[in-house]
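Take a look at the letters that make up each chain.
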Amino acid sequence: DPGADASLCGMAATGASGTNAVRYGTMRPNVLNLRVVLPDGRLLHTAGPGRQPRKRAAGYDLTSLFVGSEGTLGFLTQATLRLHPLPEATAVTVASFPSVGAAVACTVQVLQAAVPVARIEFLDEVMADACGRFSGMELPAAATLLLELHGSRHSLAEQQQQMEEIMQQNGGSSLAWAEGLEEREQLWSMRHNAWYAALALRPGCQGYSTDVCVPISRLPDVVVETKQDLQASGLTGPMVGHVGDGNFHCILVLNSQDPEEARRVHAFTQRLGRRALAAGGTCTGEHGVGLGKRALLQEELGQEGLDTLRSIKAALDPHNLMNPGKVL
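Bear in mind the structure is a predicted one, so any value in this text is a computation, not a measurement.

Participant: Provide a residue-level description of the sheet that holds strand β2 (residues 43–45), including the pertinent values.
Facilitator: Overall, antiparallel pairing links the three strands, which are arranged β2-β1-β3 in an open sheet. At either end of the open sheet lies a strand with only one pairing partner, and these are β2 and β3 (75–81). Geometrically, the sheet is characterised by an average inter-axis angle of 15 degrees between neighbouring strands, direction not taken into account. Where strand β1 (residues 31–37) and β2 come together, three bridges link them in antiparallel fashion. Following the sheet pairing, Val-36 is matched in β2 by Leu-44.

Participant: Lay out the pattern of salt bridges with the relevant residues and their values.
Facilitator: According to the stated counting rule, one finds 17 salt bridges in the structure shown. A salt bridge links Glu-260 to Arg-264, with the nearest nitrogen and oxygen atoms 2.9 Å apart. Here Arg-264 and Glu-260 lie together in helix α11 (residues 259–278), a separation of four residues that amounts to about one turn. Residue Glu-260 is classed as partly exposed on the basis of its relative accessible area, which comes to 37%. Between Arg-274 and Glu-299 there is a salt bridge, with the nearest N and O atoms lying 2.7 Å from each other. With Arg-274 in helix α11 and Glu-299 in helix α12 (residues 294–316), this residue pair connects regions lying 25 residues apart in the sequence. Look at the salt bridges and you will find they share partners, linking Glu-225, Asp-229, Arg-271 and Arg-275 into a network.

Participant: Summarise the domain arrangement of the protein chain; cite the residues concerned and give the values.
Facilitator: Here the protein chain is described as being made up of domain 1 (8–81) and domain 2 (89–279). Between the C-alpha centres of domain 1 and domain 2 there is a distance of 29 Å. Together, the buried faces of domain 1 and domain 2 total about 830 Å²; carbon and sulfur atoms form 51% of this surface. Per-residue buried area on domain 1 facing domain 2 is highest for Thr-19, Val-22 and Arg-23; these three make up 69% of the total on that side. At the boundary of domain 1 and domain 2, one finds zero salt bridges. Connecting domain 1 to domain 2 are four residue pairs in polar contact (both at pLDDT 80 or more). In the side of domain 1 that touches domain 2, the residues fall into three nonpolar, three polar and one charged.

Participant: Provide a residue-level description of the packing of aromatic side chains, including the pertinent values.
Facilitator: Both the distance between ring centres and the angle between the ring planes are used here to describe each pair of aromatic rings. In the structure shown here, the tally under the stated rule is zero aromatic pairs. Looking at Arg-119, its charged tip hangs above the ring of Trp-188, at a distance of 4.3 Å from the centre.

Participant: Lay out the state of the cysteines in plain terms, naming residues and giving numbers.
Facilitator: Each disulfide consists of a covalent bond between the sulfur atoms of two cysteine residues. Counted according to the given criterion, the structure contains zero disulfides. Just so you know, Cys-106 is unpaired, no disulfide at all, and the nearest cysteine sulfur is the one on Cys-213, 18 Å from it. Left without a disulfide partner, Cys-205 is nearest to the cysteine sulfur of Cys-250, which lies 17 Å away. Taking relative accessible area as the criterion, Cys-205 reaches 21% and is therefore assigned partly exposed.

Participant: Residue-level account of helix α7 (residues 153–169), with values.
Facilitator: Given a rise of 1.5 Å per residue, 17 residues ought to cover 24 Å, and the 25 Å separating the end C-alpha atoms of α7 matches this to within 8%. Within the sequence span of α7, burial applies to Leu-156, Gln-159, Gln-160, Met-163, Ile-166 and Met-167. Along the axis of α7, the buried positions cluster into a sector of 135 degrees, meaning they face one direction only. In α7, the exposed positions angled more than 90 degrees off the buried face are occupied by His-154, Gln-168 and Gln-169. On its buried face, α7 sits against β4 (89–97), α5 (100–112), β6 (143–151) and β7 (173–174). Positive backbone phi, approximately 80 degrees, marks Gly-171, located one or two places after α7.

Participant: Just give me the short version of α5, but keep the residues and values in it.
Facilitator: Along an α-helix, residues three or four positions apart point the same way, because every turn accommodates 3.6 residues. With 13 residues, α5 extends 19 Å from end C-alpha to end C-alpha; this agrees with the ideal 18 Å at 1.5 Å per step. Within the sequence span of α5, burial applies to Val-100, Ala-102, Ala-103, Val-104, Ala-105, Cys-106, Thr-107, Val-108 and Val-110. Against β4, β5 (117–123), α6 (125–135), β6, α7 and α10 (219–233) lie the buried residues of α5. With its phi angle positive at about 60 degrees, Ala-114 sits one or two positions after the end of α5.

Conventions we followed
- Residue positions within a chain follow its written sequence, with the count starting from 1.
- Residues qualify for local features only when their pLDDT is at least 70, as the model is predicted, and side-chain atom pairs are given and counted only at 80 or more; totals for whole chains, interfaces and linings, by contrast, use all residues.
- As a rule here, side-chain values cover all heavy atoms of the structure and leave hydrogens and water aside.
- Paired strands, in this sense, are two strands between which DSSP finds at least two bridges.
- By definition, any uninterrupted DSSP run of H or I lasting at least four residues is a helix, any uninterrupted run of E lasting at least two residues is a strand, and each is numbered from the N terminus.
- Structural elements are reduced to axes, namely lines fitted to C-alpha atoms, with helices fitted over the stretch in contact, and the angle between N-to-C directions of any two is expressed from 0 to 180 degrees.
- Here, a salt bridge means any Lys or Arg side-chain nitrogen found within 4 Å of an Asp or Glu carboxyl oxygen.
- Only protein chains enter the accessibility calculation, which uses a 1.4 Å probe; a residue whose area is less than 20% of its type maximum is buried, one above 50% is exposed, and one in between is partly exposed.
- Delimitation of the domains relies on an automatic or database domain assignment.
- What gets called buried area is simply the loss in accessible area from a 1.4 Å probe that two parts show on being joined, summed for both.
- Two N or O atoms count as a polar contact when they lie within 3.5 Å, although within protein this holds only if one can serve as hydrogen donor and the other as acceptor, and sequence-adjacent residues are included solely when both atoms are side-chain atoms.
- In the scheme used here, Gly and all other residues not listed as nonpolar or charged are polar, with Ala, Val, Leu, Ile, Met, Phe, Trp, Tyr, Cys and Pro taken as nonpolar and Asp, Glu, Lys and Arg as charged.
- Working definition: a ring pair exists when centres of Phe, Tyr or Trp rings (six-membered ring for Trp) sit within 6.5 Å. Plane angles under 30 degrees give stacked, over 60 give edge-to-face, the rest tilted.
- Lysine and arginine charges are scored as sitting over a ring when NZ or CZ, respectively, is within 6 Å of the ring centre and within 35 degrees of the ring normal.
- Count a disulfide wherever a pair of cysteine sulfur atoms falls within 2.5 Å.
- Expected span of a helix, by definition, is 1.5 Å for each gap between consecutive residues, and there is one gap fewer than residues.
- What the arc describes is the spread of directions from the helix axis to the C-beta atoms.
- We call two residues contacting when some pair of their heavy atoms lies within 4.5 Å.

Here you go:
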């Protein structure tokens, strides 16, 4: 489920994930080996040349070290990936809920019931309305979940029944299940255009995306608090997320020429990151720390963690050649 211009090694370098991650995992568990050019020009195969075991316990886990390193430790030039079989049957539905809290609570219950959902994506009412209008689809302006199930035809019917019961318990109402390829792709195309749909809310303005990830048990509280914070701040920031992983995004659409609005956006993103940390989560689930969240990284890992990262960086890149200033 790569983004429009994503490369495999780029996705590995940023620790990327997507809508299928709740079932199949992010890039990290799906990378078996990497070929890396180190800062001094040496060539490293992180699991050994030509090796691709499903698991290993030999030495340090160098593959995981480079996944998510954001170009600060070396150039990733080749990736050996785990493959997953295509499911026999697939079904997708869209469900609307009376509030963001109800939609996210439904997600938590689906996961607690161990329904093997493949994708479960959240849109708040602002994002749902924007996506519906941008894609030319009729979608209620309400908190929304997009759900996809994979399995055999027999198991799929059982999963659909479980899903419908849980959705009804949370006040959700769903459309008919879409099983045809064209219909499914139309629904997911609407979700994948969320960035452009958000920008269309304020033509001429810029988008700024930020995300956090929290334990599933804390997700409803954090999402509701974030929604209240957005409204109190007077910002345009539709919410969307891979909530099956506890990960959600705010796409902030702002006038970058307005210093006061830019200040409010920055203050909101810092509060969002610290809210996630207070809930036992992380300041970023997939967008990386880069430059903007370096202060939050120190709060998340502590001084000992940050010192350890700096020691690794100094050992592999003593001359600070690789993306200097990024992450650390």
